[in-house]
Structure formats: C-alpha cells, structure tokens
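Residues per chain are reported as follows:
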Amino acid sequence: MSQLFESERFIQIGDRHFQIPRDIFSGPGDSRNFFTLGFAAFFASPSEVFPGLDRQGLLRPPAIIPPSVPDRSADVFDELLHLLRGYPLHIRNEDHRASLLRDCRYFHLRGLEQKLIPHQITTNPFSHRLEIVIRLEDVRPSGIQFASHTVSASPMGGVVTYTRPFVDESAADLVVEIGNESSLIHRGSMRADFLGLSKQRIASLLQTVGKKMNLPDSHPPLGQAPIKVRVDRETDLTVDGEQDPQHLRIPRAKAEAGEDDVPAAKRPRVDNTDDGPWVVRTGQWRLQVQTGPTGAYEVVLVAVKLDIYTSAQVRNRSRKFL
C-alpha cells in the first residue's frame, strides 16, 4: 500500500498512456488540479487507500484501471508536461497557444495558464518603472493592485498595477490591450465608450480598482460616467493606416482638459450617435486615477498605442473577401 501511494500516476490522455511523477504538479496554482482531485478518492493517505474497501483477507491491492480522458489531445498534454518539467516551448501560432490554454483550464493548471497567456514585461527606460502589457480578457481581479501618489501624506491619485497570479513577485504598471474594434473615442469630449464584452470587463476592472483603493460606499463608482481619454505626443498613433498623422493629433492641452473647460451648451454628446467617433481597432492603455473637478476620484485612460478607423469606408477597405 505504501509503495502504491508513493508511485507515479498513470493516466491515458487521448490514445496515449502517460506515467506522471507525483511532484510535477507542485508549482504555485497547479497543486489542486484534475489529477490530484481525481486520485484523492483512491490515495488520500497510505492509511486511507481505497476508502470503503473490505481489507479482511486482502492479500494485495486490487487491480486499478488507469483513468482515461479520451476527449483531450495527447500531443497537447505532452507539451504541457514538457513545460511543467521546466523546459521552454516554442509557441508556433495563436491557434497553438489557444490549444495549450484550453487544456490548461480543463486540467485546472492555473499557474501554468498564467505563464502561457500573451503578455510582455519590460522596464520603461523613461519612467524607470516595470510595465506589463496584457489583454483585457486575461486580466484577473486577484492580480490588480493600486499604487497611490502622495503629496504631504495626502493621496493625489495613482496608477493601476498588476501581478500575474501565482507567477509574478513584483507588481508592474498595467498596460491593458483592448482589441476587436470594441472601443470608441469621442474626440469632442475625449471620452471613451466600449462595446460588447469589453464594456463588462472594463466595468469589472474599475470596480476592482475601487475596492483596492478602499473607497467609501458614498464615493461614486469608478467608470460610472464615460471614461476620460488622454492622447498626447507620446502616443503611437495609426489613423486609417497612416502612421503618426500630425494633422489629426489632439493638442495636449485639450487632451488633458477634456470637457471640463467646455460650456455645457457646446459640449458634444457622448453616445454612439456622436458624429465622427474614432473606432479603435486595437489599443493599449495605461490606467491612471486622479481627482476630478468635484474632488472625487476618476479614471483616465492614457493611450500608449492606438490603431484607429475614422470612417466605415476605411474599415470596409480592410475587409477580405471570403
């Protein structure tokens, strides 16, 4: 019984049999998974092997048929084991990455999943701060943090930071990537709208930021009003396929002022009927928190890199015939 408890696990994935060391799933986030939970019924401890089994007259452990997972790919599982052993793996394309992530989630290997999601961690040489670029759909609430800026012990806003759960040790400034043409920028008011799932995800992200800031219940929710946008000379801007079009750039003063200096009668409407909104094909944004005109905190999306359409014709031009 002791030998059986300490032996390697055997399992069939797809059409192949695997012999898995017991400690291969011991990494952070990987320890409670498909295999440890499944085998726990048989091997809870050496004294509780096969619960309910009548041990009177038992000469040897009963025969065990290895668990089988026929609807998973053996090749993909073999690559996951390769990664868990500490070896690098070349991600051939996005379809390959999607296959690895899909089976990571199936087997509940959360730590390995965080290593496989698309991301980029660098040190910004201008700010001397660590930055992480990650897609909006891959942001997890448990990794969101807030770094406040203080002047004379008084909070003056700050930046949203992120740590990949189970993987990263240090928080980095969050640069979130939003694609799928799900972002709109209204130039007159410098406010952003979001469509579909991106709208829900942004709302959830800002709700988590508010919790991390320990905002009182009386404080308005972050992102309740249309979110401010800042596009300045540091933004890498592509508009209708033209790189860095200076004639379409918004002056820095206007970008930072937003609508606060515009009379209400002349303020552009902030909705989907606003004339001439920019459709952001893909954008990367920093998230900053500052005090607004009323003294409450508000979020500002600082554009890092934007690929924008200004008309339906330009969008149609990018279409491909089937």
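Since the structure is predicted, the reported quantities are computational estimates derived from the model, not experimental observations.

## Some points on the environment of Val289
Inspection of the secondary structure puts Val289 in strand 14 (residues 278-291). Separated by ten residues in the primary sequence, Val289 and Val299 place their C-alpha atoms 4.6 Å from one another.

## What to know about the sheet that holds strand 2 (residues 16-20)
In sheet architecture, strand pairing relies on hydrogen bonds along the backbone and comes in two forms, parallel and antiparallel. Taking strand neighbours across the sheet as the criterion, the three strands line up as 2-1-3 in an open arrangement whose pairing is mixed. Only two strands of the sheet have a single neighbouring strand rather than two, namely strand 2 and strand 3 (68-69). Pairing of strand 1 (residues 9-13) with strand 3 involves two bridges; the strand directions are parallel. Bridging across to strand 3, Gln12 finds its partner in Ser68. Packing against the sheet, helix 3 (residues 74-84) makes contact with strand 1 and strand 2, and its axis sits at approximately 15 degrees to strand 2.

## Things to note about the pairing of strand 12 (residues 236-239)
Summarising the sheet, strand 12 and strand 15 (residues 297-309) pair through four bridges and their orientation is parallel. Paired with Leu237 across the bridge in strand 15 is Leu306. The sheet contact formed by strand 12 and strand 13 (residues 242-243) spans two bridges and is antiparallel. Among the inter-strand pairings, Thr238 is bridged to a residue of strand 13, identified as Gln243.

## What about the packing of aromatic side chains?
All told, the structure shown has five aromatic pairs when counted by the stated rule. The residue whose ring lies beneath Arg72 is Tyr106, and the NZ or CZ to ring-centre distance is 4.1 Å.

## Here we look at helix 3
Of all the eleven residues making up helix 3, eight are buried; the element is thus mostly covered by neighbouring parts of the structure. Along helix 3, the residues that are buried comprise Ala74, Val76, Phe77, Glu79, Leu80, Leu81, Leu83 and Leu84. With a side-chain oxygen lying 3.3 Å from the backbone nitrogen of Asp75, the N-terminal cap of helix 3 falls on Ser73. Remark: Gly86 follows helix 3 within two positions and exhibits a positive phi of approximately 100 degrees.

## Thoughts on the nonpolar core
Judged by nonpolar contacts, the single largest core of 61 residues is most densely connected at Trp285 and Leu306. Considering every element that reaches this core, the biggest residue donor is helix 3, with seven residues. Here Leu306 is in contact with Ile185, Val231, Thr235, Asp236, Leu237, Thr238, Val280, Thr282, Gly283, Gln284 and Trp285, once residues within four sequence places are set aside.

## A closer look at the pairing of strand 4 (residues 119-124)
Of the pairings in the sheet, the one linking strand 4 to strand 5 (residues 129-135) comprises six bridges and is antiparallel in character. Along strand 5, the bridge assignment pairs Asn124 with Arg129. What sits between the antiparallel neighbours strand 4 and strand 5 is a turn of four residues, in which His128 has the positive phi angle 60 degrees.

Rules used throughout
Residues numbered from 1 in each chain as written. Predicted model: local features only at pLDDT ≥ 70, side-chain atom pairs only at ≥ 80, totals over all residues. Heavy atoms only, no water. Helix = DSSP H or I, 4+ residues; strand = E, 2+ residues; numbered from the N terminus. Pairing = 2+ DSSP bridges. Contact = heavy atoms within 4.5 Å. Axes fitted to C-alpha atoms, helices over the stretch in contact; angles between N-to-C directions. Phe/Tyr/Trp six-rings, centres within 6.5 Å; stacked < 30°, edge-to-face > 60°. Lys NZ or Arg CZ within 6 Å of the ring centre and 35° of its normal. Buried < 20%, exposed > 50% of the residue type's maximum accessible area, 1.4 Å probe, protein only. Polar contact = N/O pair within 3.5 Å; in protein donor to acceptor, adjacent residues only side chain to side chain. Core = buried A, V, L, I, M, F, W, Y, C linked by side-chain atoms within 4.5 Å.

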